[in-house]
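A look at the structure
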Number of protein chains: 2
Amino acid sequence: MFESAELHHSVAKSTYEREVKKLRTRLLDAQSRAVELAQFPIVLLSGGVDGGGKGEVVNLLLEWMDPRFIQVHAMGPETDEELARPAMWRFWRALPPKGKTGIFFGSWYTEPIVERVYRRMGNSEMARRLAEISRFERMLVDEGAVVVKVWLHLSKKAQKRRFEKQEANPATAWRVTPQDWKRHKRYDRFRQVSERALRETSTAEAPWNVVEATDPRYRNLTVGRTLVEAIEKRLERGKKVPLVLAAPAERPPIDKKNVIEELDLGLTLSEPKYDKRMGALQGHLNALAADKRFKDVSCAIVFEGNDAAGKGGAIRRVTRSLDARHYNVVSVAAPTEEERAQPYLWRFWRHVPKKAHLTLFDRSWYGRVLVERVEGFASEPDWMRAYREIVDFEHSLVRFGVVVVKLWLAISQEEQLRRFHLREKTSFKRFKITKEDWRNRKKWPAYERAVCDMIDRTSTELAPWQLVEANDKKWARVKVLETICSSIEKAL
Amino acid sequence: MFESAELHHSVAKSTYEREVKKLRTRLLDAQSRAVELAQFPIVLLSGGVDGGGKGEVVNLLLEWMDPRFIQVHAMGPETDEELARPAMWRFWRALPPKGKTGIFFGSWYTEPIVERVYRRMGNSEMARRLAEISRFERMLVDEGAVVVKVWLHLSKKAQKRRFEKQEANPATAWRVTPQDWKRHKRYDRFRQVSERALRETSTAEAPWNVVEATDPRYRNLTVGRTLVEAIEKRLERGKKVPLVLAAPAERPPIDKKNVIEELDLGLTLSEPKYDKRMGALQGHLNALAADKRFKDVSCAIVFEGNDAAGKGGAIRRVTRSLDARHYNVVSVAAPTEEERAQPYLWRFWRHVPKKAHLTLFDRSWYGRVLVERVEGFASEPDWMRAYREIVDFEHSLVRFGVVVVKLWLAISQEEQLRRFHLREKTSFKRFKITKEDWRNRKKWPAYERAVCDMIDRTSTELAPWQLVEANDKKWARVKVLETICSSIEKAL
């Protein structure tokens, strides 16, 4: 990957000055059009070898462009708030909103490369991480982002020369640390690992641009051009959705058998049994959350279900057994303006529970493949790719130690009708029933298909769906508590 | 303050059950109306003595109300992200948006009370802090919030009995820590200090409610009622602005003399002098920001000025001398939806620089007393109170070690006209000139008055305004750099 970046590329001073002038106009123009449109973010990763001049290049870009619309993220050691959440959380929170540019020094590549260099990460884990990164970047591009990845390269000799030159100059000598020399000794290993990382993550939608950094003029001009061309290309495309091929939507099975139909909604629990069991389960959950071992895990509980399936009531049975200091209920409604300026999953990443905490989601990221699919709020390519993105999201939670519990509360059409009528009669419940509920009800078969697809495509070993027969509220609430307790127990 | 809370208040079980039933309906009803309106947040502070049952009460409220619209904040030790910013930052970031309820365990009172109990804080500093808190709460109420402050009180004897009782029961024995007994010994000191804190911060708009906590039934019912009454009262008031008396707006001085008129806009700098001086200043600023002592400070730089005064150009001269990793430019535009759901200053608190960082504000919180005042976007009581709120805000930054630099770039009406015309002629600058600019220009006298008032009311010793004669861009840019350098120097 680095062959073309060891050819002693260089640019004459006069050419440089002439070209920079043109480049600056282009950059400013492209940036201001992107800002005005506010339809996509620009993500620039500045990576490469020590001494390659990552900092210098970024400083220059900020001089050439309008710094008011650029956010620079120097990703140093993780803060304790970041350490309490999955590794990608810090990058999600730093993503630029539509219209803005985010420059990352030290990105999602840093940790896997460094860990692999020092052999603290195995070969297959590295492969997994790189695949995960590719999918993450693919998601960014699918969401409309411009992703530009620049790798500043120096040959081993050139790196040595660079360090020596800096050391010779009193003004820059402090920049070369013993650490740099130590890493220089590992140059070959570093080269080998990063070569692999770049190769495996150089995709059509987000390719790596390896830039020889020996001659600063060549380097600066090349990086600037790479960036401006990517923005210009994206501007040309305008609002048009990226070309994602979606396979033809599946039909329901010929015999109409499906996981929802197979549920025995007749299951019930008597009042005395319920009281006894519920009391025991609440005590048990309380003890689990207070367990010392819970300090290192956390829990994300997703409540989905038909309208009027009893999500609210089930949530309250859970929270009742928890200490207010340790949980949070997130009620998922329409996204806010700031959320709309970000990739779809951003608003859920915001609420990922930190260690020792539980977050209960009243509806969730599954809205994409349920209501947004059925009502046509999301295009088919968008909801089709969501299945995979959601699985990635949940797996990165689980790998960090988040217990992910996903509950589908199922009721029959008849039971729903009964509850709708009941709600209309009860004054303090009347606000719970809207025209929309009636409208959704008419689309029952479409919703049922979406639910079955969702279960098939997102129920994984690490984060399985749990189906709850909810025609009988008592049965459902007990099953909800049981499922949560046993999931946490397994994780402790 | 605690006399009425040592009368052995109690409630019979039968009364309790009957009353709780009524209370729950009222609470749910009031909460759902507040959620639907989404016009004001509800802030509940749960304070009091150890053993008073702060946690139990909050858990109960979450059971009685709809937990989906409540955020609970257990303010433990500060995280490192919080430690890098002024003390109030953690509370600002946790404020509930309009429509939601935020419950704080451990609030802005905890630190001053604890520090004063252990005599690490002097008497006068305590007085200052309490006054600051009162103004902060006043601001919340002025912004529409319901602020409910509940203090759970136990007499010394009652506290002792509570601890002994808990220790006797194996299920609750773990709750009583040696720390609790240690603090029990300081009961009198704690009572004395908190009595003062409560007294000095019990205001008409946010009074303390001291509740005897000996009998849990009495305690629960009283807290619940206090909360529901406060919400109901606020709902009655509806959209009406809180009654703030604004003194009649001032007239300009009879002789028309003002700080802006007094500026010598004829000041200029020759090209060679500019080049030399600018080079030196940029190097100096770079060195200051890289200075080891800068690790403990940070810097907030406010750029305000007439339209076309050259803020953008000045900002770029500053950023050019800084490392991209250490600064951030915040361009202040219309607030986002999430920002509009919060008190006015919230969106600036978001961007408070952390230690060792600089934030440059291209326009700022002063919009409230400039454009919002002149254009009537803010009511007179709202912009009148903003002066004081802004001073408080800046002082809390300065006290934490943030260097606050406020620059007003002043140009003459003639110079502005010249620049407007120039912009219209230059194609790549055309987007910089809008109809609004021309409209604002017609209101020059109103803006000038607003500027003079702003300077008079918000130029303080800790955060003074710096007026920059900006008819000559070179002069202005050098003065901007000089001011920033000398302000940082003083702080190191």
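Residues numbered from 1 in each chain as written. Chains lettered and ligands numbered in written order. Predicted model: local features only at pLDDT ≥ 70, side-chain atom pairs only at ≥ 80, totals over all residues. Heavy atoms only, no water.

Topic: helix H19 (residues 444–458) of chain B
Residues and elements named next belong to chain B. This is how the line gets drawn: Secondary structure elements are taken from DSSP: a helix is a run of H or I of four residues or more, a strand is a run of E of two residues or more, and numbering for both begins at the N terminus. Between the first and last residue of a helix there are one fewer steps than residues, each counted as 1.5 Å, and that sum is the expected span. Only protein chains enter the accessibility calculation, which uses a 1.4 Å probe; a residue whose area is less than 20% of its type maximum is buried, one above 50% is exposed, and one in between is partly exposed. Contacts between residues were defined by any pair of non-hydrogen atoms, one from each residue, lying within 4.5 Å.
Taking 1.5 Å of rise per residue, 15 residues should cover 21 Å, and H19 covers 21 Å from first to last C-alpha, within 8% of that figure. When H19 is considered as a whole, its buried residues turn out to be Trp444, Tyr447, Glu448, Ala450, Val451, Cys452, Asp453, Met454, Ile455 and Thr458. Each element contacted by the buried residues of H19 is listed here: helix H15 (371–374), helix H16 (380–400), strand E9 (402–410), helix H17 (413–425), helix H18 (435–442) and strand E10 (465–469).

Points about the pattern of salt bridges
The cut-off we apply is this: For this analysis, a salt bridge means a side-chain nitrogen from Lys or Arg found within 4 Å of a carboxyl oxygen belonging to Asp or Glu.
Applying the stated criterion across every chain, the model contains 90 salt bridges over all chains. The partner of Glu372(A) in a salt bridge is Arg368(A), with the nearest N and O atoms 3.2 Å apart. Owing to a relative accessible area of 15%, Glu372(A) belongs among the buried residues under this scheme. Arg183(B) is the salt-bridge partner of Asp50(B), the closest N and O atoms lying 3.1 Å from each other. Taken together, the positions of Asp50(B) in the loop between strand E1 (42–48) and helix H2 (54–64) and Arg183(B) in helix H8 (residues 178–185) put the pair 133 residues apart, joining distant regions of the chain. Assessed through its relative accessible area of 18%, Asp50(B) is described here as buried.

Describing the relation of the copies chain A and chain B
What counts, and what does not: We superpose the copies by least squares over the C-alpha atoms of residues that have a pLDDT of at least 70 in both of them.
Rotating chain A by 180° about the axis while translating it 0.0 Å along that axis superimposes it on chain B, leaving an RMSD of 0.1 Å. In the structure described here, the two chain copies are related by an operation that fits a two-fold rotation axis. A share of 100% of interface residues in chain A that are also interface residues in chain B marks the association as one of identical surfaces.

Regarding the sheet that holds E9(B)
Residue and element names in this part refer to chain B. Short version of the rule: We treat two strands as partners when DSSP finds at least two bridges between them. Note on definitions: angles span 0 to 180 degrees between N-to-C directions of axes, and those axes are lines fitted to C-alpha atoms, for helices only across the stretch in contact.
Ordered by their spatial adjacency, five strands build an open sheet running E7-E8-E6-E9-E10, and the pairing between neighbours is parallel. Edge positions in the open sheet fall to strand E7 (327–331) and E10, since each of these has one partner strand only. Taken over all neighbouring pairs, the strand axes of this sheet differ in orientation by 20° on average, direction set aside. Here strand E6 (residues 298–305) runs beside strand E8 (residues 358–362); their pairing, made up of five bridges, is parallel. Counterpart to Ala300 in the pairing with E8 is Thr359. Against the sheet, H19 touches E9 and E10, its axis set at about 145° to E10.

As for the pairing of E8(B)
Residues and elements named next belong to chain B. Counting buried positions along E8 yields five of five residues, so the element is predominantly enclosed. The side-chain alternation of E8 yields two buried faces, one formed by Leu358, Leu360 and Asp362 and the other by Thr359 and Phe361. Summarising the sheet, E7 and E8 pair through five bridges and their orientation is parallel. Looking across to E8, one finds that Tyr327 is bridged to Leu358.

Here's the deal with the packing of aromatic side chains
All names here are of chain A. This is how it is decided: Only Phe, Tyr and Trp rings take part, Trp by its six-membered ring, and two of them pair if their centres are within 6.5 Å. Stacked means planes under 30 degrees apart, edge-to-face means over 60, and tilted covers everything else.
Here the structure, examined in full by the defined rule, presents 38 aromatic pairs over all chains. When the ring of Phe348 is compared with that of Trp365, the centres are 5.7 Å apart and the planes differ by 75°; the resulting orientation is edge-to-face. With Phe348 in helix H14 (residues 346–349) and Trp365 in the loop between strand E8 (358–362) and helix H15 (371–374), the pair connects residues that are 17 residues apart, well separated along the chain. Assessed through its relative accessible area of 2%, Phe348 is described here as buried. Where Trp383 meets Tyr387, the ring centres are 6.4 Å apart and the plane angle is 90°; that geometry is what we call edge-to-face. Here Trp383 and its partner Tyr387 are both found in helix H16 (residues 380–400), four residues apart, which amounts to about one turn of the helix. Classification of Trp383 as buried rests on a relative accessible area of 7%.

Topic: the packing of H18(B) against H19(B)
All names here are of chain B. What counts is decided by this rule: For classification purposes, an angle smaller than 35 degrees is called roughly parallel, one larger than 145 roughly antiparallel, one from 65 to 115 roughly perpendicular, and anything else oblique. Residue classes follow a fixed rule: Ala, Val, Leu, Ile, Met, Phe, Trp, Tyr, Cys and Pro count as nonpolar, while Asp, Glu, Lys and Arg count as charged, and any other residue, Gly among them, counts as polar.
Viewed as axis vectors pointing N to C, H18 and H19 meet at an angle of 75°, and their least axial separation amounts to 5 Å. In terms of axis orientation, H18 runs roughly perpendicular to H19. On H19, the residues that touch Asn440, Arg441 and Lys442 of H18 are Trp444, Pro445 and Tyr447. In terms of residue class, the contact of H18 with H19 is made up of three nonpolar, one polar and two charged.

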